[in-house]
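# Observations on chain architecture
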Amino acid sequence: MNIMGKEIRKDTPINFEIVKKNIGIYDAKNISLGNTRIVSKIVDNIESETGEKFIRMEMGVPGISPSEIGINAEINALKNNVAGIYPPVDGHSFLKKEMSRFVKLFLNIEVKPENCFPTVGSINGSYASFMVAGRRIKEKNTILFIDPGFPPHKKIVRMLGLQQESFDVNNYRGKELKDKLTEKLNKGNIAALLYSNPNNPTWICFTDEELKIISDIARENNIIVIEDLAYLGMDFRKDYSHPGQPPYQPTIANYMDNYILLISGSKAFSYAGQRIGMLIISENLSKSHFKDLLDYYTSDIFSNALIYETIFLTTAGVAQSVQYGFSEILRAANDGKYNFVDDVRVYGEKAEIMKKIFTDNGFKIVYDMDGDVPIADGFYFTVSFPGFHGDELSEKLLYYGISSIPLSSTGSLRTEGIRACVSLVQKVQMPQLEKRLNVFYGHYKENIIE
Ligand SMILES: Cc1ncc(COP(=O)(O)O)c(C=O)c1O
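## Some points on the domain arrangement of the chain
- Examined at the domain level, the chain breaks down into domain 1 (16-63 + 340-447) and domain 2 (68-334).
- Domain 1 and domain 2 are separated by 29 Å when their C-alpha centres are compared.
- With 31 residues of domain 1 at the contact, the number on the domain 2 side is 33 residues.
- Elements represented by at least two residues in the side of domain 1 that touches domain 2 include exactly α13 (340-360) and β12 (380-384).

## Observations concerning the pairing of strand β4 (residues 163-168)
- The pairing of strand β3 (residues 142-147) with β4 spans 6 bridges and is classified as parallel. Residue pairing across strands places I143 opposite Q164, the latter belonging to β4.
- Between β3 and its parallel partner β4, the chain crosses via helix α7 (residues 151-159), and the hand of that crossover is right-handed.

## Observations regarding the nonpolar core
- Of all hydrophobic cores here, the largest spans 129 residues; its most connected members are A192, L193, I224, V225, Y259, I280 and A420.
- Of all the elements, helix α5 (residues 93-107) adds the most residues to this core, at 7 residues.
- Of the residues that make up this core, three or more belong to each of domain 1 (16-63 + 340-447) and domain 2 (68-334).
- With residues near it in sequence (within four places) discarded, V225 still touches L193, I214, S215, A218, I252, M256, N258 and Y259.

## Examining the pairing of strand β8 (residues 277-281)
- Counting buried positions along β8 gives 5 out of 5 residues, so the element sits mostly inside the fold.
- Residues G277, L279 and I281 line one face of β8 and the alternating positions M278 and I280 line the opposite face, and both faces are buried.
- Sheet topology note: the strand β2 (residues 116-119)/β8 ladder contains 4 bridges and is antiparallel. Looking at the pairing, C116 lines up with I280 of β8.

## Remarks on the site of the ligand
- If you check the shell around the ligand, you find 13 residues, and the closest are G121, S122, I123, S264 and S266.
- Considering every element that reaches the shell around the ligand, the biggest residue donor is helix α6 (residues 121-133), with 3 residues.
- Tallied by class, the residues present in the shell around the ligand amount to 4 nonpolar, 8 polar and 1 charged.

## Observations concerning the environment of L144
- With respect to the secondary-structure elements, L144 resides in strand β3.
- Between the alpha carbons of L144 and I223 there is a distance of 9.9 Å; along the sequence they are 79 residues apart.
- The contacts of L144, once residues within four sequence positions are left out, are E165, S166, K184, I190 and L193.

## Considerations on the sheet that holds strand β14 (residues 405-406)
- Here 4 strands make up an open sheet; going across it, the order is β9-β12-β15-β14 and the pairing antiparallel. Single-partner strands in this sheet number two, and they are β9 (364-365) and β14.
- Where β9 and β12 come together, 2 bridges link them in antiparallel fashion. Within β12, the position partnered with K364 by the bridge is S384.

## Remarks on the packing of α5 against helix α12 (residues 320-334)
- For the pair α5 and α12, the least separation of the axes is 9 Å and the interaxial angle reads 35°. Judged by the sense of rotation from one axis to the other, the crossing of α5 with α12 is left-handed. Between α5 and α12, the contacting residues are F94, L95, E98, M99, R101, F102 and L105 on the first element and Q323, F326, S327, L330, R331, A333 and N334 on the second.
- For the contact of α5 with α12, a count of residues per class yields 8 nonpolar, 3 polar and 3 charged.

## Remarks on α13
- The end-to-end C-alpha distance of α13, which contains 21 residues, comes to 32 Å, matching closely the 30 Å that a straight helix rising 1.5 Å per residue would cover.
- Taken together, the buried residues of α13 touch α12, β9, β12, β15 (418-421) and α15 (430-444).
- Positive phi appears at G362, one or two residues downstream of α13, with a value of about 90°.

## Looking at the environment of L407
- The residue L407 is located in the loop between β14 and β15 in this model.
- When the 29 C-beta atoms within 10 Å are taken as the criterion, L407 is described as buried.
- With 18 residues separating them along the chain, L407 and H389 place their C-alpha atoms 9.7 Å apart.
- Those residues in contact with L407, other than ones at most four positions away along the chain, are P148, P201, V366, T382, G390, S412, R414, T415, G417, I418 and R419.

## Quick look at helix α4 (residues 68-79)
- The end-to-end C-alpha distance of α4 is 16 Å, a good match for the 16 Å that 12 residues give at a rise of 1.5 Å each.
- Looking at α4, one finds that the buried residues are G70, A73, E74 and A77. Here the buried residues of α4 occupy an arc of 105° about the axis, which is enough to place them on one side. Away from its buried face by more than 90 degrees, α4 exposes E68 and K79.
- The inward-facing, buried residues of α4 contact α12.
- Positive phi shows up at N81, right after α4, with a value of about 75°.

## Re the sheet that holds β2
- Read from one edge of the open sheet, 7 strands run β2-β8-β7-β6-β5-β3-β4, paired in mixed fashion. Strand pairing shows two members of the sheet lacking a second neighbour, β2 and β4, which therefore form its edges. On average, each strand axis in the sheet is tilted by 20° relative to the strand beside it, whichever way the strands run.
- On top of the sheet, α7 reaches β3, β4 and β5 (190-196); it is set at about 170° to β3, its chief contact.

## Quick look at the packing of helix α8 (residues 176-185) against helix α9 (residues 208-220)
- Contact pair α8 / α9: the axes reach a minimum separation of 10 Å and the direction vectors enclose 25°. In this view, α8 runs roughly parallel relative to α9, as classed from their interaxial angle. Judged by the sense of rotation from one axis to the other, the crossing of α8 with α9 is right-handed. Here L177, K178, L181, T182 and L185 of α8 come into contact with α9, specifically with E210, I213, I214 and I217.
- The class makeup of the residues in the contact of α8 with α9 is 6 nonpolar, 1 polar and 2 charged.

Parameters and conventions
Residues numbered from 1 in each chain as written. Predicted model: local features only at pLDDT ≥ 70, side-chain atom pairs only at ≥ 80, totals over all residues. Domains from an automatic or database assignment. Contact = placed C-beta atoms within 7 Å. Helix = DSSP H or I, 4+ residues; strand = E, 2+ residues; numbered from the N terminus. Pairing = 2+ DSSP bridges. Right-handed = clockwise from strand over helix to strand, strands pointing away. Core = buried A, V, L, I, M, F, W, Y, C linked by C-beta atoms within 7 Å. Buried ≥ 20, exposed ≤ 12 C-beta atoms within 10 Å, placed from the backbone. Near = placed C-beta within 6 Å. Nonpolar A, V, L, I, M, F, W, Y, C, P; charged D, E, K, R; others polar. Axes fitted to C-alpha atoms, helices over the stretch in contact; angles between N-to-C directions. Left-handed = near helix turned anticlockwise from the far one by under 90°. Expected span 1.5 Å × (residues − 1). Arc of directions from axis to C-beta. Parallel < 35°, antiparallel > 145°, perpendicular 65-115°, else oblique.

Here you go:
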């Protein structure tokens, strides 16, 4: 099917001239680039000029109130005067202990508290990890991204002056992944590879077979695997929510000892505003010496360069009260008193409804399978409309009161698609979404040739 020619429709649900003007002010290029902050700004302006509320799918911000457990622990800590004292850069011992318990109880892996560190959000953890991983061996100065991915990671690598490579995993699922990774990794220039699981933006999840393939090839080529678990526990096809009981969140840590896990507090715990993530390093990597680090650091030990130099000199550690608050959230989760996964299941419920509304109106799910199993419903999904390029579709949908980012901005080769984030869309907005997509479908279905 394709579109023969697209008529410009001015009878759109949101005032055509106002949308056009605002896109013009901020430059449509920013939509193509998936610049979420600018897309949000455009939508804020249109909303305030027209008084119409958008279906906001552009930004991956969590839409759920955090648990009271964390907030109360932060208030108590502040009342107990912690604000006047520097926080330990490697984390309070009570927090490190809960992190270590957490990865044992929810991932079924053993990591000593001394190898568990808090960072100012997972972004800070990835920044420090790229920096040290990319400097540990001179000729290994390149980060490999298994795409599609989270665009800020690529900006960080560029900012650090490191090299980067990537490939869209869509064409290399299952056994195919082995040949592609071998081709990429055996050139000797790759320092570390990163993927997110579940994946932002597509919500694909690697199978155990795929994790094993990644670990085997990474081990053979002395490559650090950085596993971004920002959406830990949120593959709702399985129930990962019970501490100490299978099934456990799948992880590369089951297969190798040269890894960094980044577990953001932002999504699984809805704690984005307080900026905390867990950086978990395998014992082997943590204690390894790399002489090339001495060109940049005073220590050649990996975790010393990472924490006591990079993290210390970028953020000087996570704020005191946040360490207290987050450790209480983890303690409650670890003790089975707080089911953090239940709090975020609503994302999956909304995705299921929204995917149906999109597909009933001529859209197609772009990334739809994990092996032979349909992908989970979760925080993100990807859609396309026949005949539209993704950036054109993202722009066009603004006239229909729906905001998104094009998949091309995430390293995806499926350039026809857009990413939809469900978090800010309210269940009461679903009829509105249906109505607007129905108008869109009405405007463009005539052009589709079967
Ligand atoms: C895959 C991925 N990694 C990391 C992050 C950033 O997490 P944090 O808020 O902890 O910095 C996000 C946020 O959207 C994400 O989607």
